[in-house]
Amino acid sequence: MSAKDVFHTTVKVALEKDGWKITHDPLFFKLSEQIRIKIDLGAQKLISAEKNELKIAVEVKSFIGVSAISEFHTAIGQFLNYRVALEQKDPERVLYLAISQDIYQEFFIDSFIQSVLERYEIKLFVFHVQKQEIVLWKN
């Protein structure tokens, strides 16, 4: 079993503070006999105006290793694979990458990183570690 990210609980609390109901921890899919994936969190939120529920999946990444670019490569590859899996198994759910405000300000605002996020349509949200709150949604 893979270990939970260091910010897993922080992100879970931040989502709940923002009005999301955690529905899966983790969100598990069996894609074939050999392939099983676990996305960190599944959540949903009622939109009162439309009486519909938004459903999201959230992959949490800490970026606390030695090389942010190496972790970025891994995170983007994982994100893209998870998005394909969701398209097959739960197409109404939107995938987000959750990152801390610190790594966003130190690394993710770089123009190259922004161009990768834009090219591959990576949705993310940024959270404040100490306050356990979402500070930015980037669609």
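Within each chain, residue numbers correspond to sequence positions counted from 1 in written order. This being a predicted model, a pLDDT of at least 70 is required before a residue's local features are given, and a value of 80 or more before pairs of side-chain atoms are given or counted; all residues contribute to the totals for chains, interfaces and linings. Side-chain measures were taken over the full set of non-hydrogen atoms in the model, leaving aside hydrogen atoms and water.

## Digging into the packing of helix α2 (residues 68-89) against helix α4 (residues 111-119)
Each pair of packed helices can be summarised by the angle the axes make with each other and by the distance between the axes. To keep things clear, this is the line we draw: Only the stretch in contact is used when fitting a helix axis, every axis being a line fitted to C-alpha atoms; angles between N-to-C directions are given from 0 to 180 degrees. Counting from the N terminus, the helices are DSSP H or I runs at least four residues long and the strands are E runs at least two residues long. Angular relationships are summarised with four words: roughly parallel below 35 degrees, roughly antiparallel beyond 145, roughly perpendicular across 65 to 115, and oblique for the angles in between. Every residue pair with non-hydrogen atoms within 4.5 Å of one another is taken to be in contact. For this scheme, ten residues count as nonpolar: Ala, Val, Leu, Ile, Met, Phe, Trp, Tyr, Cys and Pro. Four count as charged, namely Asp, Glu, Lys and Arg, and the remainder, Gly too, count as polar.
Between α2 and α4, the shortest axis-to-axis distance is 12 Å and the interhelical angle comes to 5°. Taken together, the axes of α2 and α4 lie roughly parallel to each other. For the pair formed by α2 and α4, the contact residues are Ile-69, Phe-72 and Ile-76 on the first element and Ile-113, Val-116 and Leu-117 on the second. Tallied by class, the residues present in the contact of α2 with α4 amount to six nonpolar, no polar and no charged.

## Quick word on the packing of aromatic side chains
Two aromatic rings, taken as a pair, are described by how far apart their centres are and by the angle between their planes. Stated formally: Two rings from Phe, Tyr or Trp (for Trp, the six-membered ring) form a pair when their centres are within 6.5 Å of each other. A pair whose planes differ by under 30 degrees is stacked, one over 60 is edge-to-face, and the rest are tilted. Any residue under 20% of the maximum accessible area for its type is buried, any over 50% is exposed, and the rest in between are partly exposed; the area is computed with a 1.4 Å probe on protein chains only.
Scanning all chains against the criterion turns up nine aromatic pairs. When the centroid spacing of 5.5 Å and the interplanar angle of 70° are considered together, the rings of Phe-7 and Phe-127 count as edge-to-face. In this pair, Phe-7 is assigned in the segment before α1 (8-17) and Phe-127 in strand β7 (residues 124-128), connecting sequence segments 120 residues apart. By relative accessible area, Phe-7 is classed as buried at 15%.

## Quick look at the pattern of salt bridges
Counted only if it meets this: By convention in these notes, a salt bridge is any Lys or Arg side-chain nitrogen within 4 Å of a carboxyl oxygen on Asp or Glu.
Across all of its chains, the model carries seven salt bridges by this definition. Taking the shortest distance from any N to any O, the salt bridge between Glu-133 and Lys-17 comes out at 4.0 Å. In this pair, Glu-133 sits in strand β8 (residues 133-138) while Lys-17 sits in helix α1, placing the two residues 116 residues apart along the sequence. Residue Glu-133 is classed as partly exposed on the basis of its relative accessible area, which comes to 35%. Using a relative accessible area of 51% as the deciding quantity, one classes Lys-17 as exposed. Note that Glu-59 and Lys-61 form a salt bridge whose closest N and O atoms lie 3.3 Å from each other. Residues Glu-59 and Lys-61 agree in their burial class; the two are buried.

## Some words on the sheet that holds β7
Definition in use: A pair of strands counts as paired when DSSP detects no fewer than two bridges linking them.
Sheet architecture is open: six strands sit in the order β1-β4-β5-β6-β7-β8, paired in mixed fashion. Only two strands of the sheet have a single neighbouring strand rather than two, namely β1 (21-24) and β8. Taking the axes of each pair of neighbouring strands and ignoring which way they run, one obtains an average angle of 35° across the sheet. Bridging between strand β5 (residues 52-60) and strand β6 (residues 93-100) involves six bridges; their strand directions are parallel. Note on β6: the bridge partner recorded for Lys-55 is Arg-93. Across the sheet, helix α3 (residues 101-108) is in contact with β6, β7 and β8; its angle to β6 comes to roughly 85°.

## Brief notes about α4
Let me state the cut-off plainly: It is the directions from the helix axis to the C-beta atoms that the arc portrays. Nitrogen and oxygen atoms within 3.5 Å of one another constitute a polar contact, given that in protein one can donate a hydrogen and the other can accept it, and given that sequence-neighbouring residues count only through two side-chain atoms.
Among the residues of α4, Ile-113, Val-116 and Leu-117 are the ones counted as buried. Along α4, the residues classed as buried sweep out an arc of 100° about the axis, all on the same side. Seen from the buried face of α4, the exposed residues on the opposite side, beyond 90 degrees, are Ser-111, Glu-118 and Arg-119. Against the buried residues of α4 lie α2, α3 and β7. Sitting at the head of α4, Asp-110 places a side-chain oxygen 2.8 Å from the backbone nitrogen of Phe-112. One or two residues past the end of α4 sits Glu-121, with phi positive at roughly 50°.

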